[in-house]
Amino acid sequence: MEVSKAKVCIIVGIPGVGKTTVLNLVEEYAGEEGFKIKIVNFGDKMFEEARGRGLVQHRDQIRRLPLTVQHELQEVAAKKIRWEAENSRDVHVFMVDTHSLVHTSTGYWPGLPDHVIKGLKPHTIFVVEARPEEVYGRRLRDSKIRIRGDEREIGEIREFMELARIAALSSAVLVGASVYIVKNFEGRAGDVAREIVKVLKML
Amino acid sequence: MEVSKAKVCIIVGIPGVGKTTVLNLVEEYAGEEGFKIKIVNFGDKMFEEARGRGLVQHRDQIRRLPLTVQHELQEVAAKKIRWEAENSRDVHVFMVDTHSLVHTSTGYWPGLPDHVIKGLKPHTIFVVEARPEEVYGRRLRDSKIRIRGDEREIGEIREFMELARIAALSSAVLVGASVYIVKNFEGRAGDVAREIVKVLKML
Amino acid sequence: MEVSKAKVCIIVGIPGVGKTTVLNLVEEYAGEEGFKIKIVNFGDKMFEEARGRGLVQHRDQIRRLPLTVQHELQEVAAKKIRWEAENSRDVHVFMVDTHSLVHTSTGYWPGLPDHVIKGLKPHTIFVVEARPEEVYGRRLRDSKIRIRGDEREIGEIREFMELARIAALSSAVLVGASVYIVKNFEGRAGDVAREIVKVLKML
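Thresholds applied
Residues numbered from 1 in each chain as written. Chains lettered and ligands numbered in written order. Predicted model: local features only at pLDDT ≥ 70, side-chain atom pairs only at ≥ 80, totals over all residues. Heavy atoms only, no water. Helix = DSSP H or I, 4+ residues; strand = E, 2+ residues; numbered from the N terminus. Buried < 20%, exposed > 50% of the residue type's maximum accessible area, 1.4 Å probe, protein only. Polar contact = N/O pair within 3.5 Å; in protein donor to acceptor, adjacent residues only side chain to side chain. Contact = heavy atoms within 4.5 Å. Buried area = accessible area lost by both parts, 1.4 Å probe. Salt bridge = Lys/Arg side-chain N within 4 Å of Asp/Glu carboxyl O. Nonpolar A, V, L, I, M, F, W, Y, C, P; charged D, E, K, R; others polar. Least-squares fit on C-alpha atoms with pLDDT ≥ 70 in both. Expected span 1.5 Å × (residues − 1). Core = buried A, V, L, I, M, F, W, Y, C linked by side-chain atoms within 4.5 Å.

Asks: For this particular structure, what's the right way to read the side chain of His115(A)?
Replies: All names here are of chain A. Inspection of the secondary structure assignment puts His115 in helix α4 (residues 114–120). When its relative accessible area of 15% is taken as the criterion, His115 is described as buried. A polar atom in the side chain of His115 sits 2.8 Å from the side chain of Gln74.

Okay, here's the thing in structure tokens:
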């Protein structure tokens, strides 16, 4: 099949839902079917842009830049990804790996605000979710995150996941994209990846 | 009373909440009070536009058009409805019958994305809701929808209804419209219709 | 420290969550640390604008103006606040006291629609929440609001608070602002105020 222009899709999920595992399987399964997916990490694109302008040397310096500068970098990164997708050859889908909401000490930050989502013009936003207890368990195993008490932490994860879903929907309304929610419950990563590939081929 | 320009309102609700029943009663009750409501089906307007351009012959062909073409048709349909409302005579309210969210195999699609809601510039969005169990029952009676297991289905209806409400609110934020939620519980269609007419007369 | 340009932040919360108490403490605590906060009431700014144009004499006449006129007043008020913040001297933060959602007999009205939030361009939206039962209790003590039955009222407060939070997030997505949720549970106003001051100093 000749492909002249790739569709842009987005995949989001809060830390610990298993997004990376799913994404690797999506790439693998799609490849087996001759369906070409290019995964683009939005944070990498932003960093590339910021470093190219001499604004930062390390990735974690980005969030210390003035907010208007961060917004400018986000907008340019989004537009460049869109441009690459429109000018790609032999790629079916550009899958943008990012967040619909980022939780920091200064609050919940939208990852797909107006100036980003309108630059990307995605077809579909995939939202990866899991049970709050599973997310908590994965975070315990995967890192040295300081835990302040189990129940509070799980309640906070639930709130974060609900808000991240709502943020994804709000962003989708801005561009008429669809929101596809997948439940990555323990042991389901393979099924979830196959489901995503199936949807991608339908778009 | 002389009326020179109709207000635009929108009514949404997921399949099975009883929106059509309510809407027919709204028209009837309003008529009894000399308050003229014109009901416009958004999907009909889109189809009319698509057929006029020779893009489709049947309604279900619309969703197979490229996404950008569908968006263009939506935008034009919205602007035409707005124009008709502004140039209507002796109509108090143009009530646009549509969805805030559509559930398909490729995800949840916003029915009132930025380019539609800004074309319609509505005053108020009425959201018709019902108990998930009632919606499930109505769907069982009214059609041949394949059911995959009661509990799962009811949970999915609850999720869909919650997201449809959030999508309506997101759309309302884009234009400063109000969201009015009505609970169409079993046997309440008449009360709900009277409530909507009362609100319409207050706008 | 010399300050040439103030950041704009917003604080919202449904009636009865204790926003005013928190806001007074925020101003007091910040002042003690030499951090200057200017509190601006959005409704006052709108009224000032409406009265200056000879449209109203009393504040409650605003909501009887045509919707397009109200939107125009909102937009101008937002832009003036932004302008004042950008041209202020020796103020660290302009804190705009308003609502993300207003509940009236014609539905839920977004307090930070597109044309307002894009005028204000806030850095962070603080959402003050409380337990629905506490809100109910405060409303009982503080005013003569007619109560239609405890349980129904508390359920309605819970719905309103959930929707107000979602509306704040929807507005934040439009400008890439963060949403910071604080839980003003009984007796916690001081802690909440200190938390807000801490966040303001981090922005």
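Asks: In this structure, what is going on with the interface of chain B and chain A? I would like to understand it.
Replies: When the parts come together, some accessible area is lost, and that loss is often what is quoted as the size of the interface. Each side of the interface is counted separately: chain B has 19 residues, and chain A has 21 residues. Buried area between chain B and chain A, both sides added, is near 1,600 Å², and the carbon and sulfur share of it is 69%. Here chain B is connected to chain A by three salt bridges. The interface formed by chain B and chain A contains six residue pairs in polar contact (both at pLDDT 80 or more). With seven residues, the top contributor of residues to the side of chain B that touches chain A is helix α6 (residues 150–175) of chain B. Residue classes in the side of chain B that touches chain A are distributed as 11 nonpolar, six polar and two charged.

Asks: Honestly, the interface of chain A and chain C in this entry has me stumped. Any pointers?
Replies: At the interface, 19 residues of chain A touch 21 residues of chain C. Of all residues in chain A, Thr106(A), Tyr108(A) and Pro110(A) bury the most surface against chain C, accounting for 26% of the area lost on that side. Seen at the junction of chain A and chain C, the total is three salt bridges. The interface formed by chain A and chain C includes six residue pairs in polar contact (both at pLDDT 80 or more). Elements with a minimum of two residues in the side of chain A that touches chain C: α3 (67–86), β5 (107–110) and α6 (150–175) of chain A. Of the residues forming the side of chain A that touches chain C, the biggest block, seven residues, is contributed by α6(A). Residues that form the side of chain A that touches chain C fall into these classes: 11 nonpolar, six polar and two charged.

Asks: How do you make sense of the relation of the copies chain A and chain C when you look at a structure like this?
Replies: Put simply, the two copies of the chain differ by a rotation about an axis and a shift along that axis. Least-squares fitting of chain A to chain C yields an RMSD of 0.0 Å, with the superposition described by an axial translation of 0.0 Å and a rotation of 120°. Such a turn and shift between the copies fits a three-fold axis. When C-alpha distances to the rotation axis are compared across chain A, the minimum falls at Ser170(A), with a value of 3.3 Å. Of the interface residues in chain A, just 16% have counterparts in chain C that sit at the interface too, so the contact is made through distinct surfaces.

Asks: Before we go on, may I ask you to explain helix α3 (residues 67–86) of chain B in this structure?
Replies: For α3(B), spanning 20 residues, the distance from its first C-alpha to its last is 29 Å, which sits close to the expected 28 Å at 1.5 Å a residue. Those residues of α3(B) not exposed but buried are Leu67(B), Gln70(B), His71(B), Leu73(B), Gln74(B), Val76(B), Ala77(B), Ala78(B), Ile81(B), Arg82(B) and Ala85(B).

Asks: Would you take a moment to explain the side chain of Arg82(C) for this structure?
Replies: Residues and elements named next belong to chain C. Within the element layout of this structure, Arg82 appears in helix α3 (residues 67–86). Take Arg82: its relative accessible area is 13%, and that puts it in the buried class. Among the polar contacts made by the side chain of Arg82, one reaches the side chain of Glu86 at a distance of 2.9 Å. Within the structure, Arg82 has its side chain in polar contact with the backbone oxygen of Leu120 (distance 3.3 Å).

Asks: I keep staring at the pattern of salt bridges and nothing clicks. Help me out?
Replies: Side-chain pairs of opposite charge can arise where the charged atoms are in close proximity. Residue and element names in this part refer to chain C. Within the structure shown, the criterion is met by 60 salt bridges over all chains. Glu33 is paired through a salt bridge with Lys201; the nearest N and O atoms lie 2.4 Å apart. Here Glu33 is found in the loop between α1 (19–32) and β2 (37–41), whereas its partner Lys201 is found in helix α7 (residues 189–202), with 168 residues between them in sequence. By relative accessible area, Glu33 is classed as partly exposed at 43%. Between Arg59 and Asp44 there is a salt bridge, with its nearest N and O atoms 2.3 Å apart.

Asks: Hey, could you run me through the nonpolar core in this one?
Replies: Generally speaking, nonpolar side chains in soluble globular proteins are found buried as a group. Formed by 222 residues in total, the largest nonpolar core has its most connected members in Ile196(A), Leu200(A), Met95(B), Ile196(B), Leu200(B), Ile196(C) and Leu200(C). If sequence neighbours within four positions are ignored, Leu200(B) has contacts with Cys9(B), Val26(B), Phe35(B), Ile37(B), Val93(B), Met95(B) and Phe126(B).

Asks: Would you mind going over the relation of the copies chain B and chain A with me for this structure?
Replies: Under the fitted operation, chain B is carried onto chain A by 0.0 Å of movement along the axis and a turn of 120°, and the coordinates agree to an RMSD of 0.0 Å. Comparing interface residues between copies, only 16% of those in chain B also lie at the interface in chain A; the contact surfaces differ.

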